[in-house]
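Fold and geometry: a report
Here is what each chain is made of, one letter per residue.
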Amino acid sequence: MKIYQVKCAKLAGSDFHEVNQKAFDFYNQIRRKTKRRPYVRSIYFNKDKIFLELFWRHLFDKPNWRDRTRRLRYLPCAIELIKNSRQEPFSKENPNKPTEILHRFAGVTRDDDLFYIHIKEDKKSGRKWLMSMFPEGEK
């Protein structure tokens, strides 16, 4: 799998509330651009929309506050990765739902931190959703 070098830095902060406020401000900039579901366009998927709502639901399903904070720090990096990466992801059919394809992209921040993002694609509709982002060493 090829790795994309991201130009932006991950969010700084020591606790969830600090990082969440910065991440939500960043997310609101994207959300203001549309009247419907927030999305970003991906170069790899031929400028298809990648919807961002599912990520927030998935994030708040996590019981551990530290895990939420660790994942949120990578939000600007993940958005840049989605927008600009031409690297081919690792893709496989979802073993739990055969109507979905899971794509895993890899990226490296300015500080040389390796992270991954998961994008879920519905085979029937072709819609793509950002599911998760996490640093190396987690799943």
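Look a little higher up for the structure.
Here's a quick rundown of the structure. Just so we're clear, the structure is a prediction, and the values are computed from it rather than from any experiment. (Residues numbered from 1 in each chain as written. Predicted model: local features only at pLDDT ≥ 70, side-chain atom pairs only at ≥ 80, totals over all residues. Heavy atoms only, no water.)

**Observations concerning the nonpolar core**
Condition: In plain words, nonpolar cores are sets of buried Ala, Val, Leu, Ile, Met, Phe, Trp, Tyr and Cys residues tied together by side-chain atoms within 4.5 Å. Per-residue accessibility, obtained with a 1.4 Å probe over protein chains only, is compared with the maximum for each type, and a residue is labelled buried under 20%, exposed over 50%, and partly exposed between these values. Secondary structure elements are defined from DSSP: runs of H or I of at least 4 residues count as helices, runs of E of at least 2 residues count as strands, and each element is numbered from the N terminus. Two residues qualify as a contact provided that any one of their heavy atoms is within 4.5 Å of a heavy atom in the partner residue.
Core analysis: the largest hydrophobic core is formed by 30 residues, its most contacted members being Ile 117 and Leu 130. Elements with a minimum of two residues in this core: α1 (16-31), α2 (53-60), α4 (75-84), β6 (114-122) and β7 (128-135). When residues no more than four places from it in sequence are discounted, the contact partners of Ile 117 are Ala 78, Leu 81, Ile 82, His 103, Arg 104, Phe 105, Leu 130, Ser 132 and Met 133. Residues Ala 106, Val 108, Leu 114 and Phe 134 belong to the second largest nonpolar core, which totals five residues.

**Quick look at the side chain of Ser 85**
Just so we agree on the cut-off: Within 3.5 Å is the distance limit for a polar contact, defined as a pair of N or O atoms, with the added protein rule that one can donate a hydrogen and the other accept it, and that residues adjacent in sequence qualify only through two side-chain atoms.
Among the structural elements, Ser 85 can be located in the loop between α4 and β4 (90-93). Exposure remark for Ser 85: the relative accessible area of 1% places this residue in the buried category. Only 3.2 Å separates the side chain of Ser 85 from the backbone nitrogen of Gln 87, close enough to count as a polar contact.

**Focus on α4**
When you tally the buried positions in α4, you get eight out of ten residues, the bulk of the element. Of the positions making up α4, those classed as buried are Leu 75, Pro 76, Cys 77, Ala 78, Ile 79, Glu 80, Leu 81 and Ile 82.

**Thoughts on the pattern of salt bridges**
Threshold: The rule for a salt bridge is simple: a side-chain nitrogen of Lys or Arg has to be within 4 Å of a carboxyl oxygen of Asp or Glu.
In this structure the tally under the stated criterion is nine salt bridges. Among the salt bridges present, the one from Lys 10 reaches Asp 113, with a minimum N-O distance of 2.9 Å. With Lys 10 in the loop between β1 (3-5) and α1 and Asp 113 in the loop between β5 (100-108) and β6, the pair connects residues that are 103 residues apart, well separated along the chain. A relative accessible area of 29% means that Lys 10 is categorised as partly exposed. The exposure class of Asp 113 is partly exposed, given its relative accessible area of 22%.

That's the geometry; what it means functionally is another story.
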